[in-house]
Amino acid sequence: MAKVELKGIGKVYDGNVRAVDNANITVEDREFVVFVGPSGCGKSTTLRMIAGLEDITEGELYIDGELMNDVPPKDRNIAMVFQNYALYPHMTVYDNMAFGLKIRKVDKAEIERRVREAARILDIEKLLDRKPKALSGGQRQRVAVGRAIVRNPKVFLFDEPLSNLDAKLRVQMRAEISDLHHRLNATMIYVTHDQVEAMTMGDKIVVMKDGKIQQIGSPLYLYNHPINKFVAGFIGSPPMNFLTVKIVEKGGKLVADEGSFEVSPTEEQAKALKAYIGKEVFFGIRPEDLTYTTTPVASNNMQMKISVIEPLGAETHLFLTTKTQSCVARCSPDNKYTIGETVNFTPFMEKGKFFDKDTELSICETPTTE
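Residues numbered from 1 in each chain as written. Predicted model: local features only at pLDDT ≥ 70, side-chain atom pairs only at ≥ 80, totals over all residues. Heavy atoms only, no water.

Student: Explain the nonpolar core residue by residue, including any values.
Tutor: Counting 50 residues, the largest nonpolar core has Met 97, Val 115, Phe 158, Tyr 190 and Val 207 as the members making the most contacts within it. The element contributing the most residues to this core is helix H3 (residues 108-122), with six residues. With 29 residues, the next largest nonpolar core counts Ala 19, Leu 61, Val 155 and Leu 157 among its residues. (Core = buried A, V, L, I, M, F, W, Y, C linked by side-chain atoms within 4.5 Å. Buried < 20%, exposed > 50% of the residue type's maximum accessible area, 1.4 Å probe, protein only. Helix = DSSP H or I, 4+ residues; strand = E, 2+ residues; numbered from the N terminus.)

Student: Mind laying out the sheet that holds strand S1 (residues 4-13), listing which residues take part and the relevant values?
Tutor: Adjacent strands of a sheet form backbone hydrogen bonds with each other and so pair up, either parallel or antiparallel. With antiparallel pairing, four strands are arranged side by side in an open sheet as S2-S1-S4-S5. The open sheet terminates on both sides in strands that have one partner only, identified here as strand S2 (17-27) and strand S5 (66-67). Of the strand pairs in this sheet, S1 and strand S4 (residues 58-63) are connected by five bridges, and their pairing is antiparallel. Residue pairing for S4: Lys 7 is matched across the bridge by Glu 60. Across the sheet, helix H1 (residues 43-51) touches S1, S2 and S4, and the angle it forms with S1 is around 115°. (Pairing = 2+ DSSP bridges. Contact = heavy atoms within 4.5 Å. Axes fitted to C-alpha atoms, helices over the stretch in contact; angles between N-to-C directions.)

Student: So what about empty space enclosed by the protein? Which residues, and what values?
Tutor: Applying the stated rule across the entire model yields one cavity of 30 Å³ or more. The computed volume of the largest cavity comes to approximately 50 Å³. Every residue along the wall of the largest cavity is listed here: Tyr 223, Asn 224, Met 240, Arg 286, Asp 289, Lys 351 and Lys 353. Tallied by class, the residues present in the lining of the largest cavity amount to two nonpolar, one polar and four charged. (1 Å grid on protein atoms, 1.4 Å probe; cavity = no way out; pocket = protein on both sides within 12 Å on 5 of 7 lines; lining within 4 Å. Points joined across faces, edges and corners; volume = space filled by probe spheres on them. Nonpolar A, V, L, I, M, F, W, Y, C, P; charged D, E, K, R; others polar.)

Student: Report on the packing of H3 against helix H5 (residues 167-184), specifying residues and quantitative values.
Tutor: Close contact between H3 and H5 brings their axes to 11 Å; oriented N to C, the two are set at 130°. The angle between H3 and H5 falls in the class oblique. Of the residues in H5, those in contact with Arg 120, Ile 121 and Leu 122 of H3 are Leu 180, Arg 183 and Leu 184. Per-class residue counts for the contact of H3 with H5 are four nonpolar, no polar and two charged. (Parallel < 35°, antiparallel > 145°, perpendicular 65-115°, else oblique.)

Student: Let's hear about the pattern of salt bridges: which residues, and what values?
Tutor: Following the criterion strictly, the structure yields 22 salt bridges and no others. One salt bridge connects Asp 64 with Lys 154, and the closest N-O pair in it is separated by 3.1 Å. Residue Asp 64 is located in the loop between S4 and S5, and its partner Lys 154 is located in the loop between helix H4 (137-149) and strand S7 (155-159); the two are separated by 90 residues in the primary sequence. Owing to a relative accessible area of 40%, Asp 64 belongs among the partly exposed residues under this scheme. A salt bridge links Glu 110 to Arg 114, with the shortest nitrogen-to-oxygen separation between them at 3.0 Å. Taken as a pair, Glu 110 and Arg 114 lie in helix H3 at a separation of four residues, close to a single helical turn. When its relative accessible area of 18% is taken as the criterion, Arg 114 is described as buried. (Salt bridge = Lys/Arg side-chain N within 4 Å of Asp/Glu carboxyl O.)

Student: Give a detailed account of the packing of helix H2 (residues 93-103) against H4, specifying residues and quantitative values.
Tutor: Here H2 crosses H4 at 30°, and the two axes come no closer than 8 Å. By the angle class used here, H2 and H4 are roughly parallel. The hand of the H2/H4 crossing is right-handed. From H2, Val 93, Asn 96 and Met 97 reach across to H4, where they touch Val 143, Gly 146 and Arg 147. (Left-handed = near helix turned anticlockwise from the far one by under 90°.)

Student: I'd like a description of the sheet that holds S7, backed by residues and values.
Tutor: The six strands lie next to each other as S6-S7-S8-S3-S9-S10, forming an open sheet whose pairing is mixed. Both outer strands of the open sheet, strand S6 (78-81) and strand S10 (212-217), are each paired with one neighbouring strand and no more. Here the strands of the sheet are splayed against their neighbours by 15° on average, with no regard to which way each runs. Of the strand pairs in this sheet, strand S3 (residues 32-36) and strand S9 (residues 204-209) are connected by four bridges, and their pairing is parallel. Paired with Phe 35 across the strands is Val 206, a residue of S9.

Student: Tell me about the layout of surface pockets, residues and numbers included.
Tutor: In this structure, the largest pocket occupies an estimated 510 Å³ of space. Around the largest pocket, the lining comprises 20 residues; the ones closest to its centre are Ile 78, Met 80, Phe 82, Arg 104 and Arg 151. Those elements that provide at least two residues to the lining of the largest pocket are S6, H2 and H4. If you tally residues by element for the lining of the largest pocket, the top one is H2, at five residues. Of the residues that constitute the lining of the largest pocket, the class distribution is 15 nonpolar, one polar and four charged. When its volume is computed, the second largest pocket comes out at roughly 200 Å³. What lines the second largest pocket is Glu 249, Gly 252, Lys 253, Leu 254, Val 255, Ser 264, Pro 265, Glu 267, Ala 270, Lys 271, Lys 274 and Ile 277. Elements with a minimum of two residues in the lining of the second largest pocket: strand S12 (253-257) and helix H9 (267-273). Of the residues assigned to the lining of the second largest pocket, the class counts are five nonpolar, two polar and five charged.

The following block contains the structure:
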């Protein structure tokens, strides 16, 4: 396997349309890295530049220490799994998996060995004589992955491989690809717009927006230490709540005034917020960091009205409103809730975040890559 390095990589299309801007990413040998972001953020374009399917406008790409900018895709020793499977409909599963090896004139016995071994790993041995039309979506995806495995590539590239599958199958395939990474001990780069996939699969996550890298780090590091409002809102499900508050001083202490309620920053947060006295900022709190209380508490009491109730079995999501704003709370299903009811929640302020309203950067911390 191999290390992949992107140094100042950029992609500019005709008309000066910049799809990727100054991407600096290091994928360590045997690491599973996920590129995540909304549609059009440049993640698939970045992947395609690594594969050689898109020309690199700026910067340098290294695989296993070798400069790859002008190396043809077939000579990069990478294997790519596409969203639409890209299987040959007239060929059997065996022939689909063996095709790339035949083109490279690999020995017939070696082809047989590799295909059978990949089929065993993916549990598709009984499907080798079938054609793609006789397979389910999940089976077709396994064949596409098997076709990549038989090549013994230095790097596996996955371009939203699960987006065509139903929800249950996506969860199953997610686990299978993660298991495959551990079994093959391979270098893998995976593109998705689904932050749940990113959180559950990646050793490291690269969050992108508008062609720019926002933050790189381990899933839990990004969850706990988002560098800006975008990352905070993109990582986590349901997403983080953002409420506009005004930082004011009362009784010698700082409070964040929403209008309907006030919350008190921690001592550490208050130090950073001193520069914002009299100004509005975003207060971010995750749905799971709001605690339901049957009666108002003395401080940090967020009193809101229930507008929507979503019972999900193991938990209930409450959509709450103040006079001008809204948020979501993740609650126990054991409590009884009524639409229109006024309820009280206490935020776990140690997990709360504050963001500059203009730059949207985190105010109370300057997280680094981890």
